[in-house]
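Each chain, letter by letter, is given below.
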Amino acid sequence: MRVHIASDHAGFELREYVIPKLKEAGYEVVDHGATTYDSLDHYPTMCIPCAEAVVADPGSLGIVIGGSGNGEQIAANKVKGARAILAWNQDTAALGREHNNANVIGIGARQHAPEEAWTLIKTFLETPWSEEDRHQARVDLLTEYEDKTKK
Ligand SMILES: O=C(CO)[C@H](O)[C@H](O)COP(=O)(O)O
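Analysis parameters
Residues numbered from 1 in each chain as written. Predicted model: local features only at pLDDT ≥ 70, side-chain atom pairs only at ≥ 80, totals over all residues. Heavy atoms only, no water. Salt bridge = Lys/Arg side-chain N within 4 Å of Asp/Glu carboxyl O. Helix = DSSP H or I, 4+ residues; strand = E, 2+ residues; numbered from the N terminus. Buried < 20%, exposed > 50% of the residue type's maximum accessible area, 1.4 Å probe, protein only. UniProt positions renumbered as here; feature names shortened; annotations may be inferred. Near = heavy atom within 4 Å. Polar contact = N/O pair within 3.5 Å; in protein donor to acceptor, adjacent residues only side chain to side chain. Areas by Shrake-Rupley, 256 points an atom, 1.4 Å probe, with all protein chains shown as cover. Contact = heavy atoms within 4.5 Å. Core = buried A, V, L, I, M, F, W, Y, C linked by side-chain atoms within 4.5 Å. Phe/Tyr/Trp six-rings, centres within 6.5 Å; stacked < 30°, edge-to-face > 60°. Lys NZ or Arg CZ within 6 Å of the ring centre and 35° of its normal.

### Regarding the pattern of salt bridges
Right, so step 1: Inspection of the entire model under this criterion finds 7 salt bridges.
Right, so step 2: A salt bridge links aspartate 57 to arginine 2; the nearest nitrogen and oxygen atoms lie 2.7 Å apart. Residue aspartate 57 is found in the loop between α2 (43–55) and β3 (61–66), and its partner arginine 2 is found in strand β1 (residues 2–7); the two are separated by 55 residues along the sequence.
Right, so step 3: Among the residues examined, aspartate 57 registers a relative accessible area of 12% and is labelled buried.

### Structural notes on the UniProt feature "binding site: D-ribulose 5-phosphate" (unreviewed entry) in the chain
Right, so step 1: UniProt records the feature "binding site: D-ribulose 5-phosphate" (unreviewed entry) at Asp8, His9, Gly67, Ser68, Gly69, Asn70, Gly71, Asn100, Arg110, Arg134 and Arg138, using the numbering of this structure. These annotated residues cover 131 residues of sequence, and their C-alpha atoms reach 38.5 Å apart at the extremes, leaving them scattered rather than at a single site.
Right, so step 2: According to the relative accessible area criterion, glycine 71 is buried, its value standing at 9%.
Right, so step 3: By the element assignment, arginine 110 lies in the loop between β5 (104–108) and α5 (114–126).

### Considering unusual backbone geometry
Right, so step 1: In this structure, the amide linkage connecting glycine 33 to the following residue, alanine 34, adopts the cis form with an omega of 10 degrees.
Right, so step 2: Positive phi outside glycine occurs at asparagine 101, with the angle close to 45 degrees.
Right, so step 3: Here asparagine 101 lies in the loop between α4 (90–98) and β5.
Right, so step 4: Unlike most non-glycine residues, glutamate 131 shows phi in positive territory, near 60 degrees.
Right, so step 5: With respect to the helices and strands, glutamate 131 occurs in the loop between α5 and α6 (133–149).

### Things to note about the site of the ligand
Right, so step 1: Neighbouring residues of the ligand: Asp8, His9, Ala10, Tyr43, Gly66, Gly67, Ser68, Gly69, Asn70, Gly71, Glu72 and Arg110.
Right, so step 2: At 2.8 Å from an oxygen atom of the ligand is found a main-chain nitrogen or oxygen belonging to glycine 67.
Right, so step 3: The contact in question runs from an oxygen atom of the ligand to an N or O atom on the side chain of arginine 110, over 2.8 Å.
Right, so step 4: For the ligand, whose free accessible area comes to 380 Å², the fraction covered by protein is 63%.

### Some words on the side chain of serine 60
Right, so step 1: Along the polypeptide, serine 60 turns up in the loop between α2 and β3.
Right, so step 2: A distance of 3.4 Å separates a polar atom in the side chain of serine 60 from the backbone oxygen of valine 54.
Right, so step 3: When neighbours within four sequence positions are excluded, serine 60 is seen to be in contact with Met1, Arg2, His4, Ala53 and Val54.

### Notes on the nonpolar core
Right, so step 1: Grouped together as the largest cluster of nonpolar side chains are 24 residues, with contacts concentrated most on Leu22 and Ile107.
Right, so step 2: Of all the elements in the fold, those that place two or more residues in this core are β1, α1 (12–24), β3, β5 and α5.
Right, so step 3: Ranked by the residues each element gives to this core, the list is headed by α5, at 6 residues.
Right, so step 4: Once residues within four sequence positions are removed from consideration, isoleucine 107 is found in contact with Leu14, Val64, Ile65, Gly66, Ser68, Gly69, Leu86, Ala87, His112, Ala117, Leu120 and Ile121.

### Quick notes on the packing of aromatic side chains
Right, so step 1: Evaluation of the coordinates by the stated rule reveals 1 aromatic pair.
Right, so step 2: Ring centres of phenylalanine 12 and tyrosine 37 lie 5.9 Å apart, and the angle between their planes is 85 degrees; on these two criteria the pair is classed as edge-to-face. Taken together, the residues phenylalanine 12 in helix α1 and tyrosine 37 in the loop between β2 (28–31) and α2 connect sequence positions 25 residues apart.
Right, so step 3: Here the basic side chain of arginine 15 rests over the ring of phenylalanine 12, its NZ or CZ set 5.2 Å away from the ring centre.
Right, so step 4: The cationic tip of arginine 97 hangs over the ring face of phenylalanine 124; the distance from NZ or CZ to the ring centre is 6.0 Å.

Structure (C-alpha cells):
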C-alpha cells in the first residue's frame with residue numbers, strides 16, 4: 001500500500017522517525033515534506049497536497065503530523081474526498097478506519113512519545129473499513145454534501 005505523509009516543523013522529527021518504520025513495514029512512502037526544518041512554516045502548505053495525493057490515489061492512505069494534529073486534520077479535510085481523523089489513542093485510530101473509512105490520520109507529535117505515535121499510525125493503517133451499512137450511510141451523507149457544495 002502507498003502511504004502519503006506530510007508534516008510541518010512541529011511534526012518534522014516524528015515524520016523522520018516514522019518514514020523508515022513505514023518502509024520497514026513494507027509500505028511505499030510518498031513524502032510531501034516539509035523538506036527542511038523551518039520553525040515558521042505553515043501546515044496547510046504540506047498537508048493539503050498530501051490529502052490531495054491520497055484522494056487522487058485510490059487505495060492509498062495519508063498521515064499528517066503537526067504539534068497537536070488539529071490544524072493538520074483541518075487542512076486535510078478541506079480537500080474534497082478526504083476524510084481525516086485526529087487519532088489520540090489506539091481506539092480513535094482504529095475507529096477512524098472501522099466507522100469512518102478515514103483515508104488520512106492526523107497525529108499531534110507534541111502529544112505522544114514517538115513509539116506511541118507509531119502505534120497509532122500502525123493501528124490506523126492495519127485496520128480495515130468495516131463496510132457496515134450504518135457507517136456507509138453516514139459516509140455517503142458526507143460525500144453527498146461534498147458533491148453538492150464542493151467543486
Ligand atoms: O499543531 C499545529 C496546528 O494545529 C502546529 O504544528 C502548531 O500550531 C505549530 O505551533 P508553533 O508555530 O508554535 O510551533
